[in-house]
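# Structure assessment
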Amino acid sequence: MLPEPSSILITGGAGYIGSHASLRLLESGCRVTIMDTLALGHMEAIEALRPHGDLEFVQADCGDQSTVCRLIRERSIDTVMHFAAFCDVNESVHHPLKYYANNTGSSLHLLMAVAAMAVPRFIFSSTCATYGEPDASHLPITEACPQAPINPYGHSKLLVEEALSATLEAAKHSDRPFAYANLRYFNVAGSDATGRVGEDHDPETHLIPICLKAAMGRRDGVTIFGTDYETPDGTCIRDYVHVSDLIEAHVAVMHALEAGDGRAYNVGTGRGVSVREILESVRRVTGVDVTGLDGARREGDPPMLYNDPSKITAELGWSAKYMEIDDIVATAWDWMQAHPEGWSS
Ligand SMILES: NC(=O)c1ccc[n+]([C@@H]2O[C@H](COP(=O)([O-])OP(=O)(O)OC[C@H]3O[C@@H](n4cnc5c(N)ncnc54)[C@H](O)[C@@H]3O)[C@@H](O)[C@H]2O)c1
């Protein structure tokens, strides 16, 4: 039996997804401890979270083992949700060691501290990028699809999945209860429906906020990378999951994990949406005729990536509430309008 989750260490909690998780957990009465270097996160996000409950923030690398051990002891941490990472695929191709050092290296140091302090529950932000370029026979993507990443970002994450599996095996030979879950996210989008936290990346690499910035007049049109794919409208298809739905998947698995579990779930809606369909959605939601500029394909962009959510639905009872892309885009648009300069607005 694992203890009831009540004190959660959230790495990367000043970032986009980690701040949404922190808000959700604070509101449910959990004690939240955030570790974030603020390399890409925002102190303003931390300040926005403070009124919502028992929050401690430490500006530190999640691989700083002595700080992690101290926080686990002082805050009686029973669960780690590990969001901290760099996640720009293109950058990872040009600066692979930055990704291996941070995404893999710091994660391994975090895991060493977690094992040393016998924290029983670990939930890892993995990614559909660990599947690489699945062939058509693997679409929609199930958890059984072979993991064969095609860039250092995906590989840096897969290595952590492997380290977690080995950590669990070692724990089984000890009297230390341990369980983990790898949540392999598809494309995360949208913002908290009441606008308390939101998405602010610099540089922004995600399609929906890029389109919304164009709608705000903060950039010229949006380049469509590849218009000759074998998809109905020739553009790439992705699976967009609302950030609040994604966080509900974390909460569900946190409560479901039992000692000895090593679980993996894809988190996506199961619906594929093309780049042109995103542009159309942005035009409908904002009322602005955002220009789409046809461009060349990018290397390593699979034509279609979308999820089969059967496993997480069957085992955790999770399904996405935001199924319409316009509803997802609308929450992102609301936040961006209220924060035209991001968190510094
Ligand atoms: N956004 C997506 O669509 C998506 C898709 C798949 C997986 N993911 C994963 O979700 C997680 C969160 O993504 P996000 O979009 O919120 O990114 P983000 O950049 O908004 O947040 C990441 C946070 O982690 C912090 N950080 C990075 N390395 C750190 C370290 N070593 N120690 C402490 N803090 C560190 C950054 O300062 C930042 O605040 C990442 O692990 C990412 O790989 C995201």
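Up top is the structure.
Here's a quick rundown of the structure. (Residues numbered from 1 in each chain as written. Predicted model: local features only at pLDDT ≥ 70, side-chain atom pairs only at ≥ 80, totals over all residues.)

## Considerations on the environment of H138
- Along the chain, H138 falls in the loop between β5 (121–127) and α6 (152–172).
- Placed 170 residues apart in sequence, H138 and D308 show a C-alpha to C-alpha distance of 9.8 Å. (Helix = DSSP H or I, 4+ residues; strand = E, 2+ residues; numbered from the N terminus.)

## Examining the nonpolar core
- One finds L183, C211, L246, V267, I278, V282 and A332 to be the most contacted residues of the largest nonpolar core, which totals 103 residues.
- A domain-level breakdown of this core finds at least three residues from each of domain 1 (7–189 + 241–267) and domain 2 (207–238 + 271–307 + 321–344).
- Aside from chain neighbours lying at most four places away, what touches A332 is A189, G190, S191, E199, I208, P209 and L212. (Core = buried A, V, L, I, M, F, W, Y, C linked by C-beta atoms within 7 Å. Buried ≥ 20, exposed ≤ 12 C-beta atoms within 10 Å, placed from the backbone. Domains from an automatic or database assignment. Contact = placed C-beta atoms within 7 Å.)

## Focus on unusual backbone geometry
- L139 connects to P140 through a cis peptide bond whose omega is -10°.
- Looking at the secondary structure, you find P140 in the loop between β5 and α6.
- In this model, D202 is joined to P203 through a cis peptide bond whose omega is 5°.
- Structurally, the position occupied by P203 is in the loop between β7 (187–189) and α7 (207–215).
- Although it is not a glycine, L38 sits at a positive phi angle of roughly 65°.
- Tracing the backbone shows L38 in the loop between β2 (31–35) and α2 (43–49).
- A positive phi angle, near 55°, is found at A118, a position not held by glycine.
- Among the structural elements, A118 can be located in the loop between α5 (96–116) and β5.

## Topic: the site of the ligand
- Close to the ligand lie 30 residues; G12, G15, G41, A84 and A85 are nearest.
- Only α1 (16–27), α5, β5 and β7 provide two or more residues apiece to the shell around the ligand.
- If you tally residues by element for the shell around the ligand, the top one is α1, at three residues.
- Classifying every residue of the shell around the ligand by side-chain character gives 15 nonpolar, 13 polar and two charged. (Near = placed C-beta within 6 Å. Nonpolar A, V, L, I, M, F, W, Y, C, P; charged D, E, K, R; others polar.)

## Observations regarding the sheet that holds strand β6 (residues 179–185)
- If you walk across this open sheet you meet the seven strands as β3-β2-β1-β4-β5-β6-β11, and the pairing is parallel. The open sheet terminates on both sides in strands that have one partner only, identified here as β3 (55–58) and β11 (262–267). Across the sheet, the mean angle separating the axes of adjacent strands is 15° when strand polarity is ignored.
- Sheet topology places β2 next to β3; four bridges connect them, and they run parallel. Note that in β3 the partner of T33 across the bridge is E56. (Pairing = 2+ DSSP bridges. Axes fitted to C-alpha atoms, helices over the stretch in contact; angles between N-to-C directions.)

## Considerations on α5
- Compared with an ideal rise of 1.5 Å per residue, which puts 21 residues at 30 Å, α5 spans 29 Å between its outermost C-alpha atoms and is within 8% of the ideal.
- Of the positions making up α5, those classed as buried are Y99, N103, T104, S106, S107, L110, L111, A113 and V114.
- For α5, the elements touching its buried residues are β1 (7–11), α3 (65–75), β4 (79–82), α4 (89–94), β5 and α6.
- Positive backbone phi, at 55°, marks A118, one or two positions downstream of α5. (Expected span 1.5 Å × (residues − 1).)

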